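Results of the structural survey
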Amino acid sequence: MDSPVKDIAAGATAAGASTGSGASTAPPVASARAARLGPVALVVAGGLSVQFGSAVAVLLMPRAGALGVVTLRLVLAAAVLLIVCRPKVRGYGRADWGTVVAFGTAMAGMNILFYQAADRIPLGAAVTLEVLGPLVLSVIASRRLMNLLWAGLALGGVLLLSGGGFDRLDPVGAAFALGAGAMWATYIVFSARTGRRFPQADGLALAMAFGAVLSLPFGIVEAGDKLLVPSTIGLGLCVALMSSVLPYTLELLALRRLPAPTFAILMSLEPAIAATAGFLVLSQALSLTDALAIALVIAASMGAVRTQMKRVSTLPPQA
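Predicted model only: the values in this text are computed from it and were never measured. (Residues numbered from 1 in each chain as written. Predicted model: local features only at pLDDT ≥ 70, side-chain atom pairs only at ≥ 80, totals over all residues. Heavy atoms only, no water.)

**As for the overall build of the protein chain**
This is how the line gets drawn: Numbering of helices and strands starts at the N terminus; helices are DSSP runs of H or I of at least 4 residues and strands are runs of E of at least 2. Each residue is placed in one exposure class: buried if its accessible area under a 1.4 Å probe, protein chains only, is under 20% of its type's maximum, exposed if it is over 50%, and partly exposed if it falls in between. Contacts are assigned to residue pairs with any non-hydrogen atoms lying within 4.5 Å of each other. Each accessible area value is a Shrake-Rupley result obtained with a 1.4 Å probe; residue values ignore everything except the protein chains displayed when judging cover.
Within the protein chain one finds twelve helices and zero strands. Going residue by residue from the N terminus, the α and β elements of the protein chain occur as α-α-α-α-α-α-α-α-α-α-α-α. Expressed as a percentage of the 319 residues in the protein chain, the buried residues total 52%. A sequence separation of at least 24 residues applies to 89% of the contacts in the protein chain between residues at least 6 apart. Approximately 14100 Å² of the protein chain is accessible, and the part contributed by carbon and sulfur atoms is 69%.

Structure representation (structure tokens):
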């Protein structure tokens, strides 16, 4: 099995190759900048989609429960992706299928643990704790001091966003959120590997189907026939599209050209996006401290992106 460091190195190589190969009629500087900003835009768009989808999921929980919402999300997302992608199942080796299984397990585990956390502690605190997983990944995987500094700034922001109240949280809910963060870090690694091993979004569709199978028994036990109510299915489809199909597809495409450390630090934007979604959809007010915390994580993410852009611009042209 490949190591995360190899994943990151491959991502950096792909990013460099994407800016140095192929003819283009656009000015070289503008073309290179667009190539570097494209993956970042995909990640931000995915974050917006998943957090607003999470807000809709909170509205759905009283109908189907936390595990029922997870099951609806994954099963309906898998159905959509399988219909759209029609992935081939022949011609892949044991390592390819092992990657799909690991990716699907990480997806299912991340969602199950996160919704269990959100059922016990405030949504903002759950997202804040969960995002620590990608931040730890960025610190462990990065070999550049600047990336460690940006990760530290982002960590300070998410801790400030918690309001210093982690000690007052339900310990079981906090543990679920931290577990979701660990699964999120695993998701980042195996999403990158899946994107390299399978064409288009075929690997994502197969992994989503595996994750849906894993979550199905939990949802049936908790929600039963409530999962078959048409209005619940409709809301579940909305959550599936906003929280799984669109963001996971965008992130998989982004990870083909964006090194994992930069992607992981960009995930620090999630609490800020979640706070915005909570304000607009769930009428959850933002305090001055929350606004300062959001400013810190945005500054950290922008700094990380600028550092990565400068590093890529100094890479030698690819032959």
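**Comments concerning the nonpolar core**
Within soluble globular proteins, side chains that are nonpolar generally end up buried alongside one another. As a reminder, the rule being used: We call a set of buried Ala, Val, Leu, Ile, Met, Phe, Trp, Tyr and Cys residues a nonpolar core when their side-chain atoms join them within 4.5 Å.
Among the nonpolar cores identified, the biggest contains 86 residues, and F103, M107, Y115, Y187, I188, L204 and M208 are the most heavily contacted of them. No other element matches the 19 residues that helix 2 (residues 28-85) contributes to this core.

**Points about the pattern of salt bridges**
Quick note on the threshold: Criterion for a salt bridge: a side-chain nitrogen of Lys or Arg within 4 Å of a carboxyl oxygen of Asp or Glu.
Taken as a whole and judged by the stated rule, the model has one salt bridge. Among the salt bridges present, the one from D96 reaches R197, with a minimum N-O distance of 2.8 Å. Of this pair, D96 sits in helix 3 (residues 94-118) while R197 sits in helix 7 (residues 171-197), and the two are 101 residues apart along the sequence.

**Quick notes on the side chain of T232**
Assignment of secondary structure puts T232 in helix 9 (residues 230-255). Given the relative accessible area of 3%, T232 is considered buried. Look past the residues within four positions of T232 in its chain and what remains in contact with it is L60, R63, A64, L72 and K226.

**What about the packing of helix 3 against helix 8 (residues 202-223)?**
Let me state the cut-off plainly: The axes used here are C-alpha line fits, helices contributing only the stretch in contact, and every angle between their N-to-C directions lies in the interval 0 to 180 degrees. For classification purposes, an angle smaller than 35 degrees is called roughly parallel, one larger than 145 roughly antiparallel, one from 65 to 115 roughly perpendicular, and anything else oblique. Crossings are classed by handedness, with left-handed meaning an anticlockwise turn of the near helix from the far one by less than a right angle and right-handed meaning a clockwise turn.
In the contact formed by helix 3 and helix 8, the axes pass within 8 Å of each other and the chain directions differ by 50°. By the angle between their axes, helix 3 is oblique relative to helix 8. Seen along the crossing, helix 3 lies across helix 8 with a hand that is right-handed. Residue-level inspection shows W97, V100, V101, F103, G104, T105, M107, A108 and I112 of helix 3 in contact with helix 8, the latter providing G203, L204, L206, A207, M208, F210, G211, L214, S215 and F218.

**Comments concerning the packing of aromatic side chains**
Put simply, the test is: A pair of Phe, Tyr and Trp rings is counted when the ring centres sit within 6.5 Å of each other, with Trp represented by its six-membered ring. The angle between the planes then sorts it: under 30 degrees is stacked, over 60 is edge-to-face, the rest tilted. The rule for a charge over a ring is simple: NZ of Lys or CZ of Arg within 6 Å of the ring centre, and within 35 degrees of the ring normal.
The final tally for this structure, using the stated rule, is six aromatic pairs. Arranged with centres 6.0 Å apart and planes meeting at 90°, the rings of Y92 and W97 form a pair that is edge-to-face. Take W97: its relative accessible area is 29%, and that puts it in the partly exposed class. Ring geometry for Y92 and F198: centres 4.4 Å apart, planes at 40°, overall tilted. Taken together, the residues span a long stretch of sequence, with Y92 in the loop between helix 2 and helix 3 and F198 in the loop between helix 7 and helix 8 at a distance of 106 residues. The exposure class assigned to F198 is buried, which follows from its relative accessible area of 2%. R193 extends its terminal NZ or CZ atom over the ring of F190, reaching a point 4.9 Å from the ring centre.

**Topic: helix 9**
We apply this condition: Working rule for helices: expected span equals 1.5 Å times residues minus one. What is called the bend at a residue is the angle between a pair of axes, fitted to the seven residues leading up to and ending at it and to the seven starting from it.
The end-to-end C-alpha distance of helix 9, which contains 26 residues, comes to 36 Å, matching closely the 38 Å that a straight helix rising 1.5 Å per residue would cover. Residue L241 marks the point of greatest curvature in helix 9, where the axis turns by about 40°.

**Structural notes on a nonpolar patch on the surface**
Formally: What goes into a patch is any residue over 30% in relative accessible area without a salt bridge, connected to like charges within 9 Å or, for nonpolar side chains (Val, Leu, Ile, Met, Phe, Trp, Tyr), within 5 Å.
A contiguous nonpolar patch, built from L59, F279, L280 and V281 and spanning about 370 Å² of accessible area, is present on the exposed surface. In terms of residues, the nonpolar patch owes the most to one element, helix 11 (residues 270-282), which gives three residues. Along the chain, V281 falls in helix 11.

**Considerations on helix 8**
Helix length check: helix 8 (22 residues) gives 30 Å between terminal C-alpha atoms against 32 Å at 1.5 Å per residue, within 8%. Its maximal kink placed at S215, helix 8 deviates by approximately 35°, while the proline P217 follows within four residues. If you check which residues of helix 8 are buried, you get D202, G203, L204, A205, L206, A207, M208, G211, A212, S215, G219 and A223. Of the residues flanking the end of helix 8, it is G224, one or two places downstream, whose phi is positive at about 60°.

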